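Notes for the structure review
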Amino acid sequence: MLSRFLSVTARRTRHQACRLHAGAGAVVAPPPQALVQSGIRPESLPRHVAVVTDGNRRWAKARGMLTAEGHEAGRRALEHTIWLSHAWGIRALTMEVDYLMGMIERTIRDNIDEYARNGIRMHVIGDPSRRPASLQNAAREAEEMTRNNSQFHLMLATCYSGRWDIVQACRELAGEVQGKTLRPEDIDESLLASKLATGVAGEFSCPDLVIRTSGEVRLSNFLMWQSAYSELYFTDVMWPDFGETEYLQALSSFQSRERRFGQRNA
């Protein structure tokens, strides 16, 4: 029953997204009804949302199910969240997906044609040396098929850590200095940020909102540099149960906050 419901909901949301992004000459659609009913102003949406998708195992254990079944439910929730974000006009979505590599590969291969048709540019970020060759191949194919898209950036973070990201960016800059194509004094925050894994999203490289599910109240080495000024939203809901209602609650919370970008009240 859960599988059938999520599958139907995901298809419905995909179709809504197709209508919203039917091409450069398409008529601009009104805000989706779900946003209007929740009192969320489209202009106040975060441009980039990042999600730590936590709780698949505990969700399965609580129901007497196998861990793999929890991951499968989490995969369906992931696909649903991707299409909701696309339909609602969010410009970038980063999702931490460190679970079964074969399942991640299947998610990529099952959806890549629709991503390509609907203006979604896909990136797989993280340490490539820790991924199996088949997943690496799927990631390269997806990135190549969608490289000309720009309506929505989807970044799947697998084998990713914030510390790794900063180190690999520093290594790239050090290599340029060593090759005499860059002067040390020219290195600044903006340049370093462009070398981070999320730099592929350009102006949308840093998340405005970071969501973590399952009741954990920490970032656990996720987007450490990029989330310096992000708004954080923690929920007790396990990832497989994170649906449209829970997503709207997170967006409503974001809209109610005053962003200060490091500044303090007087």
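In what follows, the accompanying structure is described.

What counts and how
- Residues numbered from 1 in each chain as written.
- Predicted model: local features only at pLDDT ≥ 70, side-chain atom pairs only at ≥ 80, totals over all residues.
- Heavy atoms only, no water.
- Salt bridge = Lys/Arg side-chain N within 4 Å of Asp/Glu carboxyl O.
- Helix = DSSP H or I, 4+ residues; strand = E, 2+ residues; numbered from the N terminus.
- Buried < 20%, exposed > 50% of the residue type's maximum accessible area, 1.4 Å probe, protein only.
- Phe/Tyr/Trp six-rings, centres within 6.5 Å; stacked < 30°, edge-to-face > 60°.
- Expected span 1.5 Å × (residues − 1).
- Arc of directions from axis to C-beta.
- Contact = heavy atoms within 4.5 Å.

**Some points on the pattern of salt bridges**
This structure, assessed with the given rule, holds 19 salt bridges. The shortest N-O distance in the salt bridge between Arg-212 and Asp-54 comes to 3.0 Å. Placement of Arg-212 in strand β5 (residues 209–212) and of Asp-54 in the loop between β1 (48–52) and α3 (56–62) is noted, with a sequence separation of 158 residues between them. According to the relative accessible area criterion, Asp-54 is buried, its value standing at 19%.

**Focus: the packing of aromatic side chains**
One pass over the full model with this rule turns up 6 aromatic pairs. Aromatic side chains Tyr-160 and Phe-222 sit 6.1 Å apart centroid to centroid with 80 degrees between the ring planes, which places their arrangement in the edge-to-face category. With a gap of 62 residues between them, Tyr-160 in the loop between β4 (152–157) and α7 (162–178) and Phe-222 in the loop between β5 and β6 (231–234) connect regions that are remote in the sequence. Neither residue differs from the other here; Tyr-160 and Phe-222 are each classed as buried. Relative to Tyr-247, the ring of Phe-242 has its centre 5.9 Å away and its plane inclined at 45 degrees; by these criteria the two rings are tilted. In this structure Tyr-247 comes out as buried when scored by relative accessible area, which is 0%.

**Focus on helix α6 (residues 133–145)**
Taking 1.5 Å per residue, 13 residues should reach 18 Å; α6 reaches 18 Å between its end C-alpha atoms and fits that length. Within the sequence span of α6, burial applies to Leu-135, Gln-136, Ala-138, Ala-139 and Ala-142. Here the buried residues of α6 occupy an arc of 165 degrees about the axis, which is enough to place them on one side. Each element contacted by the buried residues of α6 is listed here: α5 (101–117) and β3 (120–125).

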